[in-house]
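Residues per chain are reported as follows:
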Amino acid sequence: MTSLHLLDSHLIDLIAAGEVVERPSSVVKELAENALDAGADQILITIEKGGKDRITVLDNGSGMTRDEALLCVQRHATSKISSQDDLFSVRSLGFRGEALAAISAVSRFELTTCADESVGGFQLRIEGGKEVAQTKLGFPQGTRIVIEDLFYNTPARQKFLKAIATEYQQIHDLVLRLALARPQVQFRLTHNKKVVLNLAKGESFAERVKNGFGIEMAKNLVSIEHEESYLRFYGLFGHPSGGTRPSKRWQQLFFNGRSARCRPVEQAIYEGYKTLLMKNEHPIFFCQVELDPLELDVNVHPAKAEVKVKNPALINTILSQALQRQLKAASRREFFGEVAPFKAEDAGSPSADRVQERMIPQEQLSPGTFVVPSEQIGFRSTAPRKSAPFTPESPSLAPEVLPDTTRLEPEKEEPFVFSEEKGLTQTAEGQAPFGVIGQLEKKYILAQGEGSLILIDQHAAHERIRFEEIRGQFYGQGVQTTPLLIPQVIELPPQDGLLLEQHLEHWQKLGFDLAPFGGNDYKLSAVPTLLQGQDAGQVIRAVLDEMSQFGRSGKLELFFNEVFEKMACHSAIRAGQALSLEEMRGLIDQLAGLDLLIHCPHGRPVLVKFGVAELDKKFKRIV
Ligand code: ADP
Ligand code: MG
C-alpha cells in the first residue's frame, strides 16, 4: 500500500471513465446527448466495427468557441448548471461535466467545432488524456467528435468489450431510444459504411415509433394521452390483445425527453393493465412522461440511466387509473366499434382530463399475414374419435388480435362429465394409465389412477408432448415442413431483422423457409407442419425477443431449444378450449409415452396428484 495521498487528475479521469464510459454505446450516448443539449436538429453518427475502432458524432448545434473547446474536456466543465438550484431543476440531458474529460482520457479524441462561421472553426486532439494538437480551420457551425481506439490505454477495460455485433446492437438500440426521446431531431446511424437507421427530422412520436420499430409493431398500439396536476403523459401502449410480448423488451419510458428507467412508473403502467393481461404477457409501451423538473431527480445514476420521482404514489394513482380507463375504452371499441370519445368536460367532471384516444391507423396488412388453418390443431388421439374433432379458432380472426380466452369455442356435447363409469373406462386399447373423469374450467383434465386424483394442466401437458415431438423430429428424420399457399410477409423491427439473418440457415433447418424481402420484411414460404394454421410469425418474433436477451453469442443449442419451446407453446392446445373425453384420453396416452412427463418445457408442472390417503386426511377420515 502507498501512503495516503490525493489522486492525480488523470487518474481521477480514468476512474470516472469507468463509471461514465463502459462501452462504445456509452460514448455514443454522451456525445449525442451533448449534441441535443446544444440544440442540434441533425445528429449523424458513424461507427466502425461496433464503435470499437471509431465513433464519429456530427451535429449542427450551437458549436463551441476556441476557449469553450479547450475547457470542455476538463473534468467538471459544464455550461449546463451553475448553482444548487439548477441541479434540482435540470432541463438538459448532461450536467455533470464529466463525459468529455472521461472519454478523452481513454481514447484518441478529436474535437472539431465552430460557434460562429465568421470567426472560423477550431480543432483539438487529445490522446489518452494528453493534448497533442490544436488547429484553426474552416468548419460549419456545429460540432464533430471522433473517438478512435476506445480503451487503447486501459487494456483491462478493452478486454471487457463484447463482440462487434453485440456492441453494434447496443448502439443501435441506444440511438433508437434517443431518437424516440426527441422525434423532432434527425438521427442517422451508419455502421461500417452502411446506413442502418435514418429517421427524418420533424416526425411525430407515433411516426417515429413506426419508423423505428416497424409497422407490425405499431399496428397494435393505442395512442393515449392524459394530463393532470403537474403530470402529462402520452405515448403508444400495446393493445391488451395483440400489443403484448412474452418479455419486457419493448418497453420504453422517457422523462422530460430523457430515456430512463423508473420502477414506480413501470409499476403504475402494469397496474393500468391490471386484469387486461394474461400471465407472462408484458405490454409494449413507448411512454413520454412530462413533469415539473422539480418533481424529478435525474442525478441518481452516473450514466443517468435511472430517474427518481418525488411523489411516486400520486404519479401511480394518476397514471394507472387514466391508463386503465383508456385501455378499457380501446378494448370496448375493438369489440363494439367506434364510440364517441369520452370528454371529461362534457361529462361535467371536475377534473379537467384531456383524454384523447385513437388506434394507430391500421396500415394495410400484407397479403397472407396469417395462414388459414386447414386442419385441426392436431394432437393425435389413439382412441377412435367419437365426437367431432375440435376445430381451431375461426379462420376469419387473426390470432394476434384476440386473446385466447375470447377465441370461439365449438359447442361440445359433453364438456364436463362426472360419470364414474366413463371415468373408470380406459381407452379402447386399454393403455391409458389414468381414467379421465372430466374437464375443469376448460383448463384442467381431471383423472384418476394409481389411487390418486390427478389434475393435468391441458396446455402444459400438450406443450410438453409437442416439445418432445418437435425435438424428436429435428434430431431424427428432420422437421416436416409444409409450403404456404400464400407466402406470408413478416415485418420485423430492424434490430430483429439482423438477428434473424444471422440464423437464416438454422431457421431453414427448423422448417421455416425465410428469405429477406426488402427493408425489414421477410418472406415466409414454408412452415413446420406442426405450426400449420398457427401464426408462425408470432413464433419467430417470440424467439427473436428471447434471443436478443441471451445475446447472440448464445450457444446454437440454446437457440434451437428456444425455437422448440416457442413452437410447442404456440401449437399446443390452450387453456380455455373445451375437450371431449376422447381428446383428453388421447392427450393422456401421449403424455404417458414420454419419459419426462412432470414438467412442461418452461418448468411448470404438468400434473399434480392427490393421493387418497391425503384426501382421507383432509376429510378427517380415520383410516
Ligand atoms: P455535460 O454535458 O455534463 O455538461 P460534457 O463533458 O458532456 O459535460 O460536456 C462539457 C461541455 O462541453 C458541455 O457542458 C457543453 O458546454 C460543451 N459541449 C459538449 N459537446 C458539445 C456539442 N456537441 N456542442 C456544443 N457544446 C458541447
Ligand atoms: Mg454531456
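Residues numbered from 1 in each chain as written. Chains lettered and ligands numbered in written order. Predicted model: local features only at pLDDT ≥ 70, side-chain atom pairs only at ≥ 80, totals over all residues. Heavy atoms only, no water.

Check the secondary structure of the protein chain and you find 19 helices and 25 strands. Within the protein chain, the fraction of its 623 residues that count as buried is 50%. Long-range contacts, defined as pairs at least 24 residues apart, comprise 70% of the intrachain contacts of the protein chain with a sequence gap of at least 6. Put simply, the protein chain shows about 29,100 Å² of open surface, and 54% of that area lies on carbon and sulfur atoms. (Helix = DSSP H or I, 4+ residues; strand = E, 2+ residues; numbered from the N terminus. Buried < 20%, exposed > 50% of the residue type's maximum accessible area, 1.4 Å probe, protein only. Contact = heavy atoms within 4.5 Å. Areas by Shrake-Rupley, 256 points an atom, 1.4 Å probe, with all protein chains shown as cover.)

Of all residues adjacent to ligand 1, which total 20 residues, the nearest are Asn34, Thr78, Ser79, Lys80 and Gly97. Between Thr78 and ligand 1, the recorded distance is 2.5 Å, taken from a side-chain N or O atom to an oxygen atom. A distance of 3.2 Å separates an oxygen atom of ligand 1 from a polar backbone atom of Ala99. Considered on its own, ligand 1 offers 530 Å² of accessible surface; in the complex 93% of this is hidden by protein. Mapped onto the shell around ligand 1, the elements with two or more residues apiece are helix H2 (24-37) and helix H5 (99-105). Among the residues forming the shell around ligand 1, the class breakdown is eight nonpolar, eight polar and four charged. (Near = heavy atom within 4 Å. Polar contact = N/O pair within 3.5 Å; in protein donor to acceptor, adjacent residues only side chain to side chain. Nonpolar A, V, L, I, M, F, W, Y, C, P; charged D, E, K, R; others polar.)

Here the focus is the packing of aromatic side chains. Using the criterion set out here, one finds 14 aromatic pairs in the structure. Centroid distance Phe474 to Phe560: 4.8 Å. Interplanar angle 50°. Geometry classified as tilted. A residue pair is termed long-range when its members are at least 10 positions apart, and Phe474 in helix H13 (residues 458-475) and Phe560 in helix H17 (residues 556-571) qualify at 86 residues. Each member of the pair Phe474 and Phe560 is classed as buried. Between Phe559 and Phe560, the ring centres sit 5.6 Å apart and the planes meet at 45°, which makes this aromatic pair tilted. Per residue, the accessibility class of Phe559 equals that of Phe560, and both read buried. Ring pairs connect the aromatic residues Phe467, Phe474, Tyr475, Trp507, Phe512, Phe559, Phe560 and Phe564, which therefore count as one cluster. Over the face of the ring belonging to Tyr152 we find Arg108, whose NZ or CZ atom lies 4.0 Å from the ring centre. (Phe/Tyr/Trp six-rings, centres within 6.5 Å; stacked < 30°, edge-to-face > 60°. Lys NZ or Arg CZ within 6 Å of the ring centre and 35° of its normal.)

Located in the positive-phi region is Asp149, a residue other than glycine, with phi close to 50°. The residue Asp149 is located in the loop between strand E6 (142-148) and helix H6 (155-158) in this model. Phi at Lys193 is positive, roughly 75°, even though this residue is not glycine. For Lys193, the position within the fold is in the loop between strand E7 (186-191) and strand E8 (194-199). With relative accessibility at 70%, the residue Lys193 sits in the exposed group.

Now for the sheet that holds strand E21 (residues 452-457). Sheet architecture is open: four strands sit in the order E19-E20-E21-E25, paired in antiparallel fashion. The sheet is open, and its two borders are formed by strand E19 (435-440) and strand E25 (607-611), each paired with just one other strand. Taking the axes of each pair of neighbouring strands and ignoring which way they run, one obtains an average angle of 20° across the sheet. Two strands pair when backbone bridges link them, and strand E20 (residues 444-449) and E21 are joined in this way by six bridges, in the antiparallel orientation. Directly across from Leu446, in E21, lies its bridge partner Leu455. Sitting on the sheet, H13 is in contact with E19, E20 and E21, with an inclination near 70° to E21. Across the face of the sheet, helix H18 (residues 581-592) comes into contact with E19, E20, E21 and E25 while running at roughly 115° to E19. (Pairing = 2+ DSSP bridges. Axes fitted to C-alpha atoms, helices over the stretch in contact; angles between N-to-C directions.)

Reading across the sheet, the eight strands line up as E5-E4-E3-E6-E2-E1-E7-E8 and stay open at both edges, with mixed pairing between neighbours. The two strands at the open ends of the sheet, each matched to only one other strand, are strand E5 (130-137) and E8. Geometrically, the sheet is characterised by an average inter-axis angle of 10° between neighbouring strands, direction not taken into account. Bridge analysis of strand E1 (residues 42-48) against E7 gives six bridges, and the strand direction is parallel.

Here we come to H13. Note on helix geometry: an α-helix contains 3.6 residues per turn, so any two residues three or four positions apart are oriented the same way. End to end, H13 covers 26 Å across 18 residues, agreeing with the expected 26 Å (1.5 Å per residue, within 8%). The element H13 is extensively covered by neighbouring structure, given that 14 of its 18 residues are classed as buried. The N-capping residue of H13, defined by a side-chain oxygen 3.1 Å from the backbone nitrogen of His459, is Asp457. (Expected span 1.5 Å × (residues − 1).)

Next up on the list: the confidence of the model for the protein chain. Per-chain confidence: the protein chain averages 80 in pLDDT, with 81% of residues scoring 70 or above. Predicted confidence for residues 337-430 stays below pLDDT 50, and this span has 183 contacts to residues more than four positions away or in other chains. (pLDDT = per-residue confidence, 0-100.)

To continue, consider the pairing of E5. Looking at chain direction, strand E4 (residues 121-127) and E5 are connected through seven bridges and run antiparallel. For Gln123, the partnering residue across the bridge sits in E5 and is Thr135.

So, about H18. Its 12 residues place the ends of H18 16 Å apart at the C-alpha level, agreeing with the 16 Å of an ideal helix rising 1.5 Å per residue. For H18, the buried fraction is high: 11 of the 12 residues fall into the buried class.

Bringing the pairing of E8 into the picture now. Both E7 and E8 contribute to a ladder of five bridges, which runs antiparallel. Across the sheet, residue Phe187 finds its bridge partner in E8, namely Leu199. The hairpin turn running from E7 into E8, its antiparallel successor, is two residues long, and Asn192 in that turn takes a positive phi close to 45°.

Together, Leu7, Leu11 and Ile15 line one region of the surface with nonpolar side chains, adding up to about 250 Å² of accessible area. You can see Leu11 is positioned in helix H1 (residues 9-20). (Patch = residues over 30% accessible without salt bridge, like charges linked within 9 Å, V, L, I, M, F, W, Y side chains within 5 Å. Salt bridge = Lys/Arg side-chain N within 4 Å of Asp/Glu carboxyl O.)

The next subject is the nonpolar core. In terms of nonpolar packing, the biggest core is built from 60 residues, with Val21, Ile43, Phe109 and Ile147 touching the most fellow members. At nine residues, the largest contribution of residues to this core is made by helix H7 (residues 164-181). What Phe109 contacts, discounting residues up to four positions off in sequence, is Val73, Leu100, Ile103, Ser104, Leu124, Arg125, Ile126, Ile145, Val146 and Ile147. Core analysis: the second largest hydrophobic core is formed by 31 residues, Leu253, Cys287, Leu291 and Ile315 among them. (Core = buried A, V, L, I, M, F, W, Y, C linked by side-chain atoms within 4.5 Å.)

Glancing now at the side chain of Lys29. Within the secondary structure, Lys29 is located in helix H2. Judged by relative accessible area, Lys29 falls into the buried class, the value being 13%. Apart from the residues lying within four places of it in its own chain, the contact partners of Lys29 are Leu174, Ala303 and Lys304.

Attention now goes to the pattern of salt bridges. Per the counting criterion, the structure on display carries 27 salt bridges. Here Lys201 and Asp41 are joined by a salt bridge, their closest N and O atoms 3.4 Å apart. One end of the pair, Lys201, is in the loop between E8 and helix H8 (205-213); the other, Asp41, is in the loop between H2 and E1, with 160 residues separating them in the sequence. Take Lys201: its relative accessible area is 44%, and that puts it in the partly exposed class. The salt bridge partner of Lys219 is Glu216, with a shortest N-O separation of 3.0 Å.

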